[in-house]
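Close look at the chain arrangement
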Amino acid sequence: MSKVFIIGATGGVGSRLGPMLVEAGHGVTGLHRRPDQADKLLSAGITPWLGDIMFMSVAELAVATRDCDVVVFTAGAAGSGPERTTAIDGEGVIKTVHAARANGIARVYLVSAFMDAGRAQPRKDGFEHYMKVKRQADNALAQSELDWVILRPGTLVSEDGNGRVNAGLAISYGSVARGNVARMLAALIDTPAIRREIIELTDGDILVPDAVMSLQR
Ligand SMILES: NC(=O)c1ccc[n+]([C@@H]2O[C@H](COP(=O)([O-])OP(=O)(O)OC[C@H]3O[C@@H](n4cnc5c(N)ncnc54)[C@H](OP(=O)(O)O)[C@@H]3O)[C@@H](O)[C@H]2O)c1
């Protein structure tokens with residue numbers, strides 16, 4: 001069983017992922033930025049760690065993740081402005097990579113974005129910046145020597161989902177339930193042979209365990 005640190009533990013994906021990992025027997029620590037979020041994490045069996053990724057140094061993040069062997073990054077600025085997008089979705093990932101390396105943590109799972117997202121809509125500066133930052137964060141992680149997995153979900157919908165997905169190296173764009181993203185992350189964490197892969201994800205017809213099995217080389 002692994003010790004997993006979730007950055008974004010209180011979010012739509014992260015709050016579903018944490019209990020799944022606990023249920024599977026993993027030890028889970030969740031980063032949260034408001035003290036009042038601790039009780040909910042604790043009641044789900046997750047150890048809370050108070051901190052704001054915007055202001056945490058690499059050294060502080062290394063202390064937070066010190067006993068872990070897996071880090072999941074599923075935090076995001078959620079449209080709160082370009083500066084916060086850069087600081088959270090961009091620099092937050094880069095700090096995570098440095099902290100993982102400092103601790104000898106090989107396995108980092110990053111929730112990125114599907115690069116075809118929003119192409120059918122008129123361009124907006126904030127969204128273009130978000131996609132650029134996501135791409136830069138992916139590049140930084142992919143260039144590291146870590147055993148990373150970058151998951152690129154389509155547009156997220158706030159549902160638990162039915163556990164059926166379409167996952168592959170290059171698939172058609174679509175939406176995906178946040179619960180299905182969490183299931184996919186949980187299954188990937190239990191399949192360490194899948195490493196150094198960028199995986200696109202939408203809702204689909206394939207049960208998550210079968211989808212993950214089909215991704216093994
Ligand atoms: N929206 C989409 O359609 C879409 C599509 C593809 C990929 N994604 C990406 O998927 C990931 C997960 O999305 P989601 O919908 O689960 O996100 P979400 O519900 O907005 O949750 C974001 C998480 O990040 C945390 N967070 C935000 N700022 C933080 C900070 N400064 N320090 C520490 N934690 C911070 C939030 O904490 P609080 O609970 O305190 O806010 C929350 O736990 C994100 O990276 C997002 O960019 C989104």
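Residues numbered from 1 in each chain as written. Predicted model: local features only at pLDDT ≥ 70, side-chain atom pairs only at ≥ 80, totals over all residues. Heavy atoms only, no water.

**Topic: the sheet that holds strand β6 (residues 149-153)**
Basically, it comes down to this: When DSSP finds two or more bridges between two strands, those strands count as paired. Secondary structure elements are taken from DSSP: a helix is a run of H or I of four residues or more, a strand is a run of E of two residues or more, and numbering for both begins at the N terminus.
Strand order across the open sheet formed by 9 strands is β3-β2-β1-β4-β5-β6-β10-β8-β11, with mixed pairing between neighbours. The outermost strands of the open sheet, each flanked by one partner alone, are β3 (47-50) and β11 (206-207). Of the strand pairs in this sheet, strand β8 (residues 164-168) and β11 are connected by 2 bridges, and their pairing is antiparallel. Looking across to β11, one finds that R164 is bridged to L207.

**What about the packing of helix α1 (residues 14-23) against helix α6 (residues 178-189)?**
Rules: A fitted line through C-alpha atoms represents every axis, and for helices the fit uses only the stretch in contact; the resulting angles, taken between N-to-C directions, go from 0 to 180 degrees. Each angle receives one of four descriptions, namely roughly parallel if under 35 degrees, roughly antiparallel if over 145, roughly perpendicular if within 65 to 115, and oblique otherwise. The hand of a helix crossing depends on one turn: near helix anticlockwise from the far one by less than a right angle means left-handed, and clockwise means right-handed. In what follows, residue pairs with any heavy atoms lying within 4.5 Å of each other are defined as contacts.
In the contact formed by α1 and α6, the axes pass within 8 Å of each other and the chain directions differ by 40°. Between α1 and α6, the crossing angle belongs to the class labelled oblique. Handedness of the α1/α6 crossing: right-handed. Contacts between α1 and α6 involve R16, L17, M20 and L21 from the former and R178, G179, A182, R183, L185, A186 and I189 from the latter.

**Structural notes on the environment of V181**
Looking at where V181 falls in the secondary structure, it is placed in helix α6. Spatially, the C-alpha atoms of V181 and D160 are 9.1 Å apart, while their sequence positions differ by 21 residues. Those residues within four positions of V181 in sequence are excluded, and the remaining contacts are V13, L151, P153, L156, V176 and L201.

**Notes on helix α5 (residues 125-142)**
For clarity, the threshold we go by: Here a helix's expected span is defined as the number of its residues, less one, multiplied by 1.5 Å. Working definition: with a 1.4 Å probe on protein chains only, accessible area under 20% of the residue-type maximum means buried, over 50% means exposed, and in between means partly exposed. The arc in question is traced by the directions running from the helix axis to the C-beta atoms.
In this model, α5 (18 residues) spans 26 Å end to end at C-alpha, consistent with the 26 Å of a helix rising 1.5 Å per residue. Turning to α5, its buried residues are M131, V133, K134, A137, D138 and L141. Looking down the long axis of α5, one finds its buried residues gathered within 160° of arc, a one-sided arrangement. For α5, exposure combined with an orientation more than 90 degrees from the buried face picks out D125 and K132.

**Things to note about the pattern of salt bridges**
Just so we agree on the cut-off: The salt bridge definition used is simple: a Lys or Arg side-chain nitrogen within 4 Å of an Asp or Glu carboxyl oxygen.
A complete count under the given rule lists 9 salt bridges for this structure. R119 serves as the salt-bridge partner of E128, at 3.1 Å between the closest nitrogen and oxygen.

**What about unusual backbone geometry?**
Trans peptide bonds make up the majority, and among non-glycine residues the majority have a negative phi. In this structure, A78 takes a positive phi of about 50° despite not being glycine. Take A78: its relative accessible area is 77%, and that puts it in the exposed class. Positive phi values are uncommon outside glycine, yet R196 reaches one of about 55°. Relative to the helices and strands, R196 is located in the loop between α6 and β10 (197-203). The exposure class of R196 is partly exposed, given its relative accessible area of 33%.

**Considerations on the packing of aromatic side chains**
Keep this limit in mind: Any two rings among Phe, Tyr and Trp, with Trp reduced to its six-membered ring, count as a pair given centres within 6.5 Å; such a pair is stacked if its planes are under 30 degrees apart, edge-to-face if over 60, and tilted if neither.
A complete count under the given rule lists 2 aromatic pairs for this structure. For the pair F114 and Y173, a centre-to-centre distance of 5.3 Å together with 70° between the ring planes defines the contact as edge-to-face. Of the two residues, F114 sits in the loop between β5 (107-111) and α5 while Y173 sits in the loop between β8 and β9 (175-177), which places them 59 residues apart along the sequence. For Y173, a relative accessible area of 34% corresponds to the partly exposed category.

**Things to note about the packing of helix α4 (residues 82-103) against α5**
Working note: a packed helix pair is described by the angle between its axes plus the distance between those axes. Let me state the cut-off plainly: Residues were grouped as follows: Ala, Val, Leu, Ile, Met, Phe, Trp, Tyr, Cys and Pro as nonpolar; Asp, Glu, Lys and Arg as charged; and all remaining residues, including Gly, as polar.
α5 packs onto α4 with a crossing angle of 5° between their chain directions and a minimal axis gap of 9 Å. Comparing their axes, α5 and α4 come out roughly parallel. On α5, the residues that touch P82, T85, T86, D89, G90, V93, I94 and V97 of α4 are H129, Y130, V133, K134, A137, A140 and L141. Of the residues that constitute the contact of α4 with α5, the class distribution is 9 nonpolar, 4 polar and 2 charged.

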